[in-house]
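# Fold and geometry: a report
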Amino acid sequence: MQSSPLITTESEHLSITDRIESFKAGFLGAIASIFAFFAIAILHHLLVQTLQPVLTNSPTQLIDSFALARPLLLAIKLSMMGFAGFLFAVTYRYIVRHDRNSHLKSGAILAFACIRSFATIERELSWLMPLPLMQITLAIAILLLENIAWFAIVQNILETAIQHKWIAAFGSK
């Protein structure tokens, strides 16, 4: 089956240089993601310890998103975090291009954070429902803030790399 000459795909127009820059952005995003994971895991632990009086009669974790004591589970989580960071970085590079629109940049962060948070909430919904409304709200708010912080850290590292020309912005010659 032949394709119509009027229909083209974007990949036909991507240069090897753009693909290499996307890979560099993705690799940096993956590494930044893993470091952000550990920073947020520490903050999460401190926050849970601080809020423990409010969270009486609930498990020590609001949502078990950090499995630092189980090496295999941690390796799987780090792989997933790295892959998500890779995808975010490549997508972010294409989204922002040379644009200075802060809404576009923050929208990319919020979109990825919401999707990741909603997937976790859906997985944990049966566990969350018996809890009081205050605990449900707090668990969801903390989860969303953690994901926003995670993608914001990756975004800031990517922006720094682009500003220092370690990674070329998409479409730059």
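First things first, this report covers the structure right here in the doc. (Residues numbered from 1 in each chain as written. Predicted model: local features only at pLDDT ≥ 70, side-chain atom pairs only at ≥ 80, totals over all residues. Heavy atoms only, no water.)

### Looking at a nonpolar patch on the surface
A grouping of Phe23, Phe27, Ile31 and Phe35 is seen on the molecular surface, where their side chains present a nonpolar patch of about 460 Å² in accessible area. Positionally, Phe35 belongs in helix α1 (residues 16-51). Since its relative accessible area comes to 60%, Phe35 is described here as exposed. (Patch = residues over 30% accessible without salt bridge, like charges linked within 9 Å, V, L, I, M, F, W, Y side chains within 5 Å. Areas by Shrake-Rupley, 256 points an atom, 1.4 Å probe, with all protein chains shown as cover. Salt bridge = Lys/Arg side-chain N within 4 Å of Asp/Glu carboxyl O. Helix = DSSP H or I, 4+ residues; strand = E, 2+ residues; numbered from the N terminus. Buried < 20%, exposed > 50% of the residue type's maximum accessible area, 1.4 Å probe, protein only.)

### Here we look at helix α4 (residues 133-163)
Over its 31 residues, α4 extends 44 Å from the first C-alpha to the last, a length consistent with the 45 Å expected when each residue adds 1.5 Å. Of the residues one or two after α4, Lys165 is the one with positive phi, at around 65°. (Expected span 1.5 Å × (residues − 1).)

### Considerations on the side chain of Arg93
Relative to the helices and strands, Arg93 resides in helix α2 (residues 71-96). Taking relative accessible area as the criterion, Arg93 reaches 1% and is therefore assigned buried. With sequence-adjacent residues up to four places away left out, Arg93 is seen in contact with Asp18, Glu21, Ser22, Ala25, Ile167, Ala168, Ala169 and Phe170. (Contact = heavy atoms within 4.5 Å.)

### What about the nonpolar core?
Counting 23 residues, the largest nonpolar core has Phe88, Tyr92, Trp150, Phe151, Val154, Leu158 and Ile167 as the members making the most contacts within it. When residues of this core are traced back to their parent elements, those giving at least two are α1, α2, α3 (102-128) and α4. If you tally residues by element for this core, the top one is α2, at seven residues. Apart from residues lying up to four places away in sequence, Phe151 is in contact with Ala84, Phe88, Ile109, Phe112, Ala113 and Arg116. (Core = buried A, V, L, I, M, F, W, Y, C linked by side-chain atoms within 4.5 Å.)

### Topic: unusual backbone geometry
Even without being a glycine, Lys165 presents a positive backbone phi close to 65°. Mapped onto the elements of the fold, Lys165 is located in the segment after α4. When its relative accessible area of 72% is taken as the criterion, Lys165 is described as exposed.

### A closer look at the packing of α1 against α2
Two numbers describe a pair of packed helices, the interaxial angle and the distance between the axes. The geometry of α1 relative to α2 is characterised by a closest axis approach of 6 Å and an angle of 135° between their N-to-C directions. Judged by the angle between their axes, α1 and α2 are oblique. Crossing of α1 over α2 shows right-handed handedness. Along the lines of polarity and charge, the residues of the contact of α1 with α2 split into 14 nonpolar, six polar and three charged. (Axes fitted to C-alpha atoms, helices over the stretch in contact; angles between N-to-C directions. Parallel < 35°, antiparallel > 145°, perpendicular 65-115°, else oblique. Left-handed = near helix turned anticlockwise from the far one by under 90°. Nonpolar A, V, L, I, M, F, W, Y, C, P; charged D, E, K, R; others polar.)

### A few points about the packing of aromatic side chains
This structure, assessed with the given rule, holds nine aromatic pairs. Centre to centre, the rings of Phe23 and Phe86 are 6.0 Å apart; their planes meet at 65°, and the pair counts as edge-to-face. Here Phe23, found in helix α1, pairs with Phe86, found in helix α2; they are 63 residues apart in sequence, far enough to count as distant. Judged by centre distance (4.2 Å) and plane angle (40°), the rings of Trp150 and Phe151 are tilted. Of the two residues, Trp150 and Phe151, both sit in the buried class. Grouping aromatic residues by their ring pairs yields a cluster made of Phe88, Tyr92, Phe112, Trp150 and Phe151. Over the ring of Tyr94 we find Arg93, and its NZ or CZ is 5.8 Å from the ring centre. (Phe/Tyr/Trp six-rings, centres within 6.5 Å; stacked < 30°, edge-to-face > 60°. Lys NZ or Arg CZ within 6 Å of the ring centre and 35° of its normal.)

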